Structures are given as structure tokens and as C-alpha cells.
Number of protein chains: 2
Amino acid sequence: MKSIKIGLIGFGTIGTGVIKTLQTQRELLTARTGMSLELVKIADLDITTSRGVEVAPSMLTTNVNDILENPEIDIVIELIGGYEPAKTFILRALRNGKHVVTANKALLALHGKEIFETAMQHHVDVGFEASVGGGIPIIRSMREGLVANNFSEIYGILNGTTNFILTEMTEKGEDYHKVLQHAKELGYAEADPTFDVEGIDATHKIIILTYLAFGQYVTMDQVFTEGISQLHPIDIKLAGELGYKVKLLAISRRIDDRIEVRVHPTMLHAQHLLAKVDGSFNAVYAVGDIVDSTMSYGRGAGMMPTASAVLSDIVDIARGINSGVANRVPLVYPLSASEHALTIQPRNRFLARYYLRFTVLDRPGVLSSIAGVLSDHKISIASVIQKEVHPVDSVPLVMLTYEAYEHDMQEAIQKIEKLDGVTAKTVVIRALL
Amino acid sequence: MKSIKIGLIGFGTIGTGVIKTLQTQRELLTARTGMSLELVKIADLDITTSRGVEVAPSMLTTNVNDILENPEIDIVIELIGGYEPAKTFILRALRNGKHVVTANKALLALHGKEIFETAMQHHVDVGFEASVGGGIPIIRSMREGLVANNFSEIYGILNGTTNFILTEMTEKGEDYHKVLQHAKELGYAEADPTFDVEGIDATHKIIILTYLAFGQYVTMDQVFTEGISQLHPIDIKLAGELGYKVKLLAISRRIDDRIEVRVHPTMLHAQHLLAKVDGSFNAVYAVGDIVDSTMSYGRGAGMMPTASAVLSDIVDIARGINSGVANRVPLVYPLSASEHALTIQPRNRFLARYYLRFTVLDRPGVLSSIAGVLSDHKISIASVIQKEVHPVDSVPLVMLTYEAYEHDMQEAIQKIEKLDGVTAKTVVIRALL
């Protein structure tokens, strides 16, 4: 029986999950692949702390060269995350003719093109199923299952931490900071949660999906990114009264020859399937011209679900090694003859419906002046909520608009905030069209 | 550029969709595969009626041998459906060294084992992504994306016709026969809808998924199948009042060394993601020991979504031909050393919660005698709905039980129906645990 030799760089949570899976599913994986998948080396700076999984001490090394320069190793799993030294390690592995499996979305979002091109030059593969959507096989679905489709849009809940926080804020009406603390205690949020809560992680992931859907790498600064740290429970509650749920959505759309990529808290109609994706689950909605709408749902993070995705890549690459084939599915998105670079839709041209919460003095004329400014900017109002609040002077005035351009909306808001009787910054949440 | 030659047997709706897709996506498919996918022959008994798609007359034939015996053809697409002559055609194609792509779930459910074994003997592939869930890439996800998982259960909405009918009955409160008529007019139901509405189509599909999940082919008579033709809008409405939605679910579960496979109208808690899958959409829930819960959603039928799945198989096989590899993913489910045949859970041993609608005379003592019989059979009642109804004598009495065995439930119902004051057959709907 053929044996595939694997080296693992990064003995953290996901790495531990991969080792566990290789151990518990050994018999299953051997049966399904007809090969023996053998982990031979694990490199980490810390090789003394126990991770609750048994490994032969001889397997452990602090020297990454024991993997990168090891002629015996076929597949390198990179699970250290971050840009460097992950990038250097991956490129060295590829240049040494080793296949790479990685969950590193930050790296692929910024340097995916170089990594994929290097892999194809050296006739080796890069598996990155674990980089988006954890255990959800969305990468494979887009590259293979839906291969006959031109995508028009792909959007979803791509970050489990923020979805957990928003779900708790929605269900319990609790404050962001309190829920974040709770999420940290449960292990759903990291000590420094910035990448998650500010939408950066979701931005990395939507950049990868945008590449798969449209063949183009957009840069971080071409994505409009807004996180959830400024959200107040009152807005989630009022959105609920209007029939909407608030989710952190990552959205990538093709509109003619433009692509529009954005990540922000988004109001979804309560009947939308994504509105029902709660807790730490993720889901990706992809719309193709042949298949119409599809959605994939599952655990977007966590030791074992992510390990499931890593293993699917290992099996795929092992099958390729066994039959002497690499790049069966091309890593560099093959543009067709008539395809060409798309331009980036500027934020000003975004179309959305808008939830607006103004803070106003409870006196006559304020509602009418705000409505007047909106109307001047061709923005129509779909619903209004104003409630009696005692005994304060300032009250919340909530409006849901019909479709409007971001440019018009920002101008209108600037003018409204200068109106007499408007006492605070306006809260804005965009609604999915 | 390598050219892959394709023969299509069956110029019906799906066949037309496949031809359209090959035409409109020609450039895209060439770019993504680096090959030219060329349809060279179309066999059908009727080659004169226009299908609204342009094909060269020389491509059409009424003689299937022009495809099966054509040495030029690499891939045969079988889209005539049914058992014969589809089975004969497929086996002949495989024996002639041709790869086969099929959407024929009825055939695969009954003869999949023979077809898959024949394919592997002749080192050719069978693509069957289109046989379950239309455009949803569920077959690929189970065989590849989730390859590292032992599945514990897989269940879903696998028939678009019945889901459309149930959605209409739920939303409009309309009668089954009226909605069925409407579905026929819209093309969502066939002239003879038996296979769909009696759950036979869903049974075929769950047999295929059971094979993929557990490596075992169950027979039609080993699946408990109940359709939707006996459902009344009143039960859908009352289930709604209890917080449930009624869906035709196909369920396959592994419980220790037994598998339980069943298709029946099922009450799903309104918060369950599957409860939100409406209209002609399908969705499959798969639970693996590593990945946890996953769900895939999309159009379960229709010309273009099914063509999307057929094309994904063609591309996959073309990539295999190009690299000289067949059976990269084994068609015959590879059992691991410790796996062995599972026994079939008999219906008597099914566990479920039960919705029961009794028809009783509106007089004292009836509720208490029914509750007594249930209690004698160790069945506990979770909720009761009894409403005043005038001016009839018989009234509906609805109960939702806690978990109970089918055996106990059937015995209890038999006794209850003999009670004084119980005037009609009991309506039973099982709820998902």
C-alpha cells in the first residue's frame, strides 16, 4: 500500500484536530483512499506543552527544515497562520516540490496569487478548503460542483465569532461588550478579537471567494469593511420590529464589468435562509447563472470542523499523488478568452436599503425636516418607528429607506446631522437588496 | 487542445438544459478545463420535435448504437430515466470503455451496485451528481469534501414537487388536490405525480445517499415510505400552532450497527433550518463525526440546475481522461477492515415524537380515556389542542407526544380507535427528534 508522508507546521488547536482526525479516522481514510496517510513530522516552537493528543517524541521538532527539506515528505500542512514566516515556509515547500495544505486565509487573501502561481510552476497543489467556512466544503463546491456556472454573487456569514456575538445580542438583548466577554470565556473569541469583530477575517475570506467566483484578486483597501463593535442592542431590536435580522455579511457581487466587495453589519429579511444561521455557524450563498441559488451551511471554525476540511485536501492531494496528477483543478483561475479585468465598484455607488436611527429632540418639525433632506436626495422612506420615551429630551427616530445610493445617503446624513434638533451621530445599517 | 467527445441519450428537458449549457458556457468550460467538450451525437426516439435549442441535424439519431458503439465517444450522458432500456444502455456504454453521466436516481437506487461495479471493472467512471438534489453538489461533498467523516445521519428535503405542494398548503391553507392541480399547471408536478407525491422519488434518493454515507444498499422495501397525498391542511395548521412545520423528509440514520431509513411527512421545529426550505428548493442535512452538522441547499430539480450538476460530472470525467486517471474517487464504497453489513432497523423500533389528531365526540371522558391508553403504552403527552367546534358532534383532539416507539404508538392507536366516542381514523405525523 502506498504511503503518503505528511509534515505539519504549527501544533496549535487546528493542528491538534488534524492529528486527532488522522488517528481516529485512520482505518476509514485508508479504506477510502487505498493509501496510508502518515504524519511523520510536527514542527512548532513549543514542543513540550501537552496538547492532549499522543505523538511520538521523535516526530516533534523545532526546526522547520526537518519538514521543508525532508525529501520523504509529500504534503506540508501549514497551520501557523499570519503572513510571515508562513508565506516563506509555504513558498519553500512548493519550490521543493511539496504539496501544501493551509487554513491561512489572511495569507491567501494577500498573497494567494503568488502562492498559486508558484504551485502551478512547480506542478504541486495547494489545498485551502479550510481557509473559508471551516468544515463547509465551499471551495470544492465552487471550483468543481458548480464549475459550469458564471457566478453573479456570493455572500454569507463567514465569521463564527461575530455571528455568535450577534446571535447573543439578538436573543438576549445584551450589550456588545458584555457578550464579547462571554464569547471569550467560551473560547468563541480570542483575547484580541480585532480581526474578527472588525470584519477583517471576513474580508480575507470574501477576497478568496471573490477570486474563485470572478478570477480576480481584490486588495484589502478595495473592500469596504465595517465590523460589529459599534452595534447597539437597540438597533438589533428595532430591526427585528421591522422584520429584519442583523448579521455581519461578506458580499461579493458582479455588476456588469464591475465587482463590488463589502463586509458590514447587514439587515436580512427574517425569512431569508441566512437570517436563520445562528451561533458560531457559517453559511455561504452562491448564485450561478445555471444552478441559480445555492447555500452551504456548517461550522465555520473550531478544531474538528476545520480538521475535516484539512483532511479533505490531504485526501484529494494523496489521490493526485497516487495517480501522478497535480493541478487537476487549476489553482490559477483560468480566464476565458472574452474575460478581462473587472473594475472595482466604488463605495459611493453601492446600492442598499438603509436603516437609519437618528437621535432627535422630541419636538415638532424634526421628523419633517429629516424627511425633507432625504427626499431632496431622492431617498424614499419605507417605514418609520418613533416611540414615546420619557423622561429624556432626545428620542430615537428610526427609518427604513427604499433602495438608495451610498453617495446620496452619506450626503443626506451629513446635512441631517447639521439640522436643529438632531443631537447625535446617525446609526446606519445597510439592508441586503 | 484536447477534445472530449460526448454522446447524449435522451433529448428531454434535462437533455435540452445540458445542450444549452454546453453552448452558452462553451468558452467558460474551455477556459476552466483546457479542453473542448464536444457533443457529437444525440439519440432519442423523437428527433423531429423542436426543443428550442439549435443542434446540427447530423447530430441527431434514433439509433442508440450510434452512441454506444461509436469509438469516438468518451462520455455517454444517460437522461432517459427509468429502469429499461436505461440500464442496458449504461452497462453497454461502460463495457465499451465509455464513462457515463446519469441523473437516473430510480435506476441507481435499484441497480447502482451493479453499475458501479461494472464501471470499476472497466476502469471508467459514473457521474451521478444530478441524481440527488438537482444542482446541489451534495454527492461530491459527501464523497470528497466530507471524506474524513463517519456519518451518523443524513436527512433532507429531496423532492421539489412535494415541497412546493406542502409550502402552498402551509401558506395558503389550501387543500392537497387543489394545490396539486396548481403545481401541474406550473410544471412543478407531472401528469402522473405518483412517484413524487407518494415519496418514491425521495426514497430512491435517500437510498443513494445511504449508500454514500454507510456503504450499504438498502432495498425499496427496507425503507418505510409514506407520501403526502393523505395530508390535510388542518394538520399543517395545527402543527404550526404547536411551533412546527410539516415537510416530506427522507431520513437515513445509523444507530450502532443498524440503519434506519424512512421517508414520511415530518414535523420540524419551526427554528430548524430545513423548516425554512420552501417552494421547489431541496436541502440535505448531513452530520459527520468530525465536521458536525452541515447543510446544502439549492434547486432540487429543473432543466438548468440539473444541467449544472451533469456538467460538473462531465468536467470531472474530462479532467480524469486528460490525465489518464479513472476512479480517482472509488465508486464502490470501500469498507474499512472493521466495517461490516449493518442490519435494518425495523419500523417497530423507530423512535419519534408523534402528532396525533383524533376525531372524537365532544363529551366528557373521551380525552381521559385516550390519555389513559397512551399512558398504558408509556407514551407521555407534551401538548394538547382541543377547540370548541360548532355545531358538529365530532371534534378534533390533537396531541403532541414525547419520544415514543412506533410499536407502542401503533398498538395504542389501535386501542384508541376502538374506544367509545372515537369516531374516525387517527391522523399521525411523526416529528423529527
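Residues numbered from 1 in each chain as written. Chains lettered and ligands numbered in written order. Predicted model: local features only at pLDDT ≥ 70, side-chain atom pairs only at ≥ 80, totals over all residues. Heavy atoms only, no water.

1. Focus: the overall build of chain A
- When its secondary structure is counted, chain A shows 14 helices and 18 strands.
- The C-alpha atoms of chain A give a radius of gyration of 24 Å, which matches the 22 Å a tight globule of 433 residues would have.
- For the C-alpha atoms alone, the extent of chain A along its principal axes is close to 80 × 50 × 35 Å.
- Burial analysis of chain A (433 residues in total) assigns 60% to the buried set.
- Put simply, 74% of the contacts in chain A that link residues at least 6 apart link residues at least 24 apart.
- Accessible surface for chain A amounts to roughly 16300 Å². Of this, 51% is attributable to carbon and sulfur atoms.
- Counting 41 positive and 50 negative side-chain charges, chain A places the averaged centre of each group 2 Å from the other. (Helix = DSSP H or I, 4+ residues; strand = E, 2+ residues; numbered from the N terminus. Rg over C-alpha atoms; globule rule 2.2 N^0.38 Å. Buried < 20%, exposed > 50% of the residue type's maximum accessible area, 1.4 Å probe, protein only. Contact = heavy atoms within 4.5 Å. Areas by Shrake-Rupley, 256 points an atom, 1.4 Å probe, with all protein chains shown as cover. Lys, Arg positive; Asp, Glu negative; His and termini not counted. Charge placed at Lys NZ, Arg CZ, Asp CG, Glu CD.)

2. Considering the packing of aromatic side chains
Residue and element names in this part refer to chain B.
- Taken as a whole, this structure holds 18 aromatic pairs over all chains when the rule is applied.
- Considering the side-chain rings of Phe164 and Tyr188, the 4.4 Å spacing of their centres and the 35° angle between planes classify their relative orientation as tilted. Here Phe164, found in helix α7 (residues 160-172), pairs with Tyr188, found in the loop between α8 (176-185) and α9 (194-197); they are 24 residues apart in sequence, far enough to count as distant.
- The class of Phe164 is buried, set by a relative accessible area of 7%.
- Taking 4.8 Å as the distance between ring centres and 5° as the angle between the ring planes, the aromatic pair formed by Phe281 and Tyr297 counts as stacked. In this pair, Phe281 is assigned in strand β11 (residues 281-288) and Tyr297 in strand β12 (residues 292-299), connecting sequence segments 16 residues apart. Each member of the pair, Phe281 together with Tyr297, is buried. (Phe/Tyr/Trp six-rings, centres within 6.5 Å; stacked < 30°, edge-to-face > 60°.)

3. Regarding the relation of the copies chain A and chain B
- In screw terms, the move from chain A to chain B is a rotation of 180° and a rise of 0.0 Å along the axis, fitting with an RMSD of 0.0 Å. Such a combination of turn and shift is consistent with a two-fold rotation axis. Within chain A, the C-alpha atom positioned nearest to the axis of rotation is that of Ser296 of chain A, 2.3 Å from it.
- A share of 100% of the interface residues of chain A reappears at the interface of chain B, consistent with the copies meeting face to face through the same patch. (Least-squares fit on C-alpha atoms with pLDDT ≥ 70 in both.)

4. Quick word on the packing of α7 of chain B against α8 of chain B
All names here are of chain B.
- Relative orientation of the contacting elements α7 and α8 amounts to 125°, with a least axis distance of 9 Å. The orientation of α7 with respect to α8, classified from their angle, is oblique. Two packed elements cross with a definite hand, and for α7 against α8 that hand is right-handed. Residue-level contacts link Phe164, Ile165, Glu168, Met169 and Lys172 of α7 to Tyr176, Val179, Leu180, His182 and Ala183 of α8.
- Taken together, the residues that form the contact of α7 with α8 break down as seven nonpolar, one polar and two charged. (Axes fitted to C-alpha atoms, helices over the stretch in contact; angles between N-to-C directions. Parallel < 35°, antiparallel > 145°, perpendicular 65-115°, else oblique. Left-handed = near helix turned anticlockwise from the far one by under 90°. Nonpolar A, V, L, I, M, F, W, Y, C, P; charged D, E, K, R; others polar.)

5. A closer look at the sheet that holds strand β1 (residues 2-9) of chain A
All names here are of chain A.
- With parallel pairing, the six strands of this open sheet are ordered in space as β3-β2-β1-β4-β5-β6. Edge positions in the sheet fall to β3 (60-61) and β6 (126-127), since each has one partner strand and no second.
- Of the strand pairs in this sheet, β1 and strand β2 (residues 35-43) are connected by eight bridges, and their pairing is parallel. What sits directly across from Gly7, in β2, is Lys41. (Pairing = 2+ DSSP bridges.)

6. Concerning the interface of chain A and chain B
- Counting residues at the interface gives 55 residues for chain A, matched by 56 residues for chain B.
- Roughly 4900 Å² is buried in total at the junction of chain A and chain B, and carbon and sulfur atoms are behind 56% of that figure.
- Counting the surface chain A buries against chain B, the share from its top three residues, Arg32, Ile290 and Arg328 of chain A, is 15%.
- Here chain A and chain B share four salt bridges between them.
- Between Arg299 of chain A and Asp292 of chain B there is a salt bridge, and its shortest N-O distance comes to 2.5 Å.
- Along the contact surface separating chain A from chain B lie 20 residue pairs in polar contact (both at pLDDT 80 or more).
- Among the elements of the structure, α1 (13-24), α2 (26-33), α6 (138-145), β11 (281-288), β12 (292-299) and α12 (303-322) of chain A are those that each provide at least two residues to the side of chain A that touches chain B.
- In this sheet, β12 of chain B lies alongside β12 of chain A in antiparallel orientation, the contact comprising five bridges. Note on β12 of chain B: the bridge partner recorded for Met295 of chain A is Tyr297 of chain B. (Buried area = accessible area lost by both parts, 1.4 Å probe. Salt bridge = Lys/Arg side-chain N within 4 Å of Asp/Glu carboxyl O. Polar contact = N/O pair within 3.5 Å; in protein donor to acceptor, adjacent residues only side chain to side chain.)

7. With respect to the domain arrangement of chain A
Residue and element names in this part refer to chain A.
- Segmenting chain A into domains produces domain 1 (2-134 + 303-322), domain 2 (150-300) and domain 3 (347-431).
- Taken over C-alpha atoms, the centre of domain 1 sits 28 Å from the centre of domain 2.
- If you look at the interface, domain 1 gives 15 residues, while domain 2 gives 14 residues.
- Here domain 1 packs against domain 2, burying approximately 1200 Å² in sum over the two surfaces, 75% of which is carbon and sulfur.
- It is Lys105, Ala109 and Val132 that lose the most area in domain 1 upon contact with domain 2, and together they represent 39% of the buried surface on that side.
- Between the two partners, domain 1 and domain 2, sit one salt bridge. (Domains from an automatic or database assignment.)

8. What to know about the pairing of β12 of chain B
Residue and element names in this part refer to chain B.
- The buried fraction of β12 is high, at six of eight residues.
- Bridge count for β11 against β12 is eight bridges, and the pairing is antiparallel. Bridged to Tyr285 within β12 is Met295.
- Counting the residues between successive antiparallel strands, the hairpin from β11 to β12 contains three residues.

9. With respect to the packing of α6 of chain A against helix α6 (residues 138-145) of chain B
- At a minimum axis distance of 10 Å, the contact between α6 of chain A and α6 of chain B shows a crossing angle of 125°. Classed by the angle they form, the pair α6 of chain A and α6 of chain B counts as oblique. The element α6 of chain A and its partner α6 of chain B pack so that their crossing is right-handed. Taking contact as the criterion, the partners of Arg140, Ser141, Glu144 and Gly145 of chain A in α6 of chain A are, on α6 of chain B, Arg140, Ser141, Glu144 and Gly145 of chain B.

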